[in-house]
Amino acid sequence: MNKRQIGTKYEEKAILYLKDNGYKILKKNFRNRIGEIDIIALNDDYICFIEVKERSSKRCGLGMEAVTLKKQKNIIKVAKYYLYINKYNINQNVRFDIVSIDEEKITLIKNAFIS
């Protein structure tokens, strides 16, 4: 499998996990010229922008550790664009979550970073 196929496989696992935990999936792989958001979902009153990271071994660290400050800034910019083009209210509750899949163990980190 290539990287994109592997990414899709783990994003699907993350989606099942999120649905089981009360998330309603709105969009997968939202892209613009700045970057991509893996999953956009509704959870309670929040629009959640979710990054999925997988590590098959702890040799390279945990998946959540791969969401660098630069990656966070790009996700925030893409999220703002998504909110703008979908005409969300300026007071919309927003959250940035990470789903880290490490050696097949799934961890959900709510409010992993802020804008």
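Description of the structure in this document. (Residues numbered from 1 in each chain as written. Predicted model: local features only at pLDDT ≥ 70, side-chain atom pairs only at ≥ 80, totals over all residues. Heavy atoms only, no water.)

This part is about the overall build of the protein chain. Scanning the protein chain for helices and strands turns up 2 helices and 5 strands. Start at the N end of the protein chain and walk to the C end: the helices and strands fall as α-β-β-β-α-β-β. Within the protein chain, contacts between residues separated by at least 24 positions form 54% of all contacts whose residues are at least 6 apart in sequence. (Helix = DSSP H or I, 4+ residues; strand = E, 2+ residues; numbered from the N terminus. Contact = heavy atoms within 4.5 Å.)

Relative to the elements of secondary structure, Leu18 occurs in helix α1 (residues 3-20). Here Leu18 falls in the buried class, since its relative accessible area comes to 0%. In this structure, the C-alpha to C-alpha distance between Leu18 and Asn43, residues 25 residues apart in sequence, is 9.2 Å. (Buried < 20%, exposed > 50% of the residue type's maximum accessible area, 1.4 Å probe, protein only.)

A few words now on the packing of aromatic side chains. On inspection of all chains with the given rule, the structure shows 6 aromatic pairs. Summarising the aromatic geometry, the rings of Phe30 and Tyr82 are spaced 5.1 Å apart at their centres and angled 80° between planes, so their arrangement reads as edge-to-face. Separated by 52 residues along the polypeptide, Phe30 in strand β1 (residues 24-31) and Tyr82 in helix α2 (residues 69-85) bring together distant segments of the chain. Side by side, Phe30 and Tyr82 carry an identical accessibility label, which is buried. Ring-pair connections join several aromatic residues into one group, and the members of that group are Phe30, Phe49, Tyr81, Tyr82, Tyr88, Phe96 and Phe113. The ring of Tyr46 is capped by Arg95, whose NZ or CZ atom sits 5.2 Å from the centre of that ring. (Phe/Tyr/Trp six-rings, centres within 6.5 Å; stacked < 30°, edge-to-face > 60°. Lys NZ or Arg CZ within 6 Å of the ring centre and 35° of its normal.)

What follows covers a nonpolar patch on the surface. A cluster of nonpolar residues, Tyr81, Tyr84 and Ile85, forms a patch on the protein surface that exposes about 340 Å² of accessible area. For Ile85, the location among the structural elements is in helix α2. For Ile85, a relative accessible area of 36% corresponds to the partly exposed category. (Patch = residues over 30% accessible without salt bridge, like charges linked within 9 Å, V, L, I, M, F, W, Y side chains within 5 Å. Areas by Shrake-Rupley, 256 points an atom, 1.4 Å probe, with all protein chains shown as cover. Salt bridge = Lys/Arg side-chain N within 4 Å of Asp/Glu carboxyl O.)

The next subject is the environment of Lys27. With respect to the helices, strands and loops of the structure, Lys27 is situated in strand β1. Judged by its relative accessible area of 38%, Lys27 is partly exposed. Separated by 10 residues in the primary sequence, Lys27 and Ile37 place their C-alpha atoms 9.0 Å from one another. In this view, Lys27 contacts Asp38, Ile39 and Ile40; residues no more than four positions away in its chain are not counted.

Membership of the largest hydrophobic core comes to 15 residues, with the highest contact counts inside it found for Ile37, Ile40, Phe49, Tyr82, Phe96 and Phe113. In terms of residues, this core owes the most to one element, α2, which gives 6 residues. If we ignore the near neighbours within four places in the chain, the residues touching Ile40 are Lys24, Ile25, Leu26, Lys27, Phe30, Ile47, Cys48, Phe49 and Tyr82. (Core = buried A, V, L, I, M, F, W, Y, C linked by side-chain atoms within 4.5 Å.)

Counting buried positions over the 10 residues of strand β4 (residues 93-102) gives 8, a clear majority of the element. Taken together, the 6 bridges between β4 and strand β5 (residues 105-113) define a ladder with antiparallel strand orientation. Paired with Asp102 across the two strands is Lys105, which belongs to β5. The antiparallel pairing of β4 with β5 creates a hairpin that spans 2 residues between the two strands, and Glu103 there sits at a positive phi of about 50°. (Pairing = 2+ DSSP bridges.)

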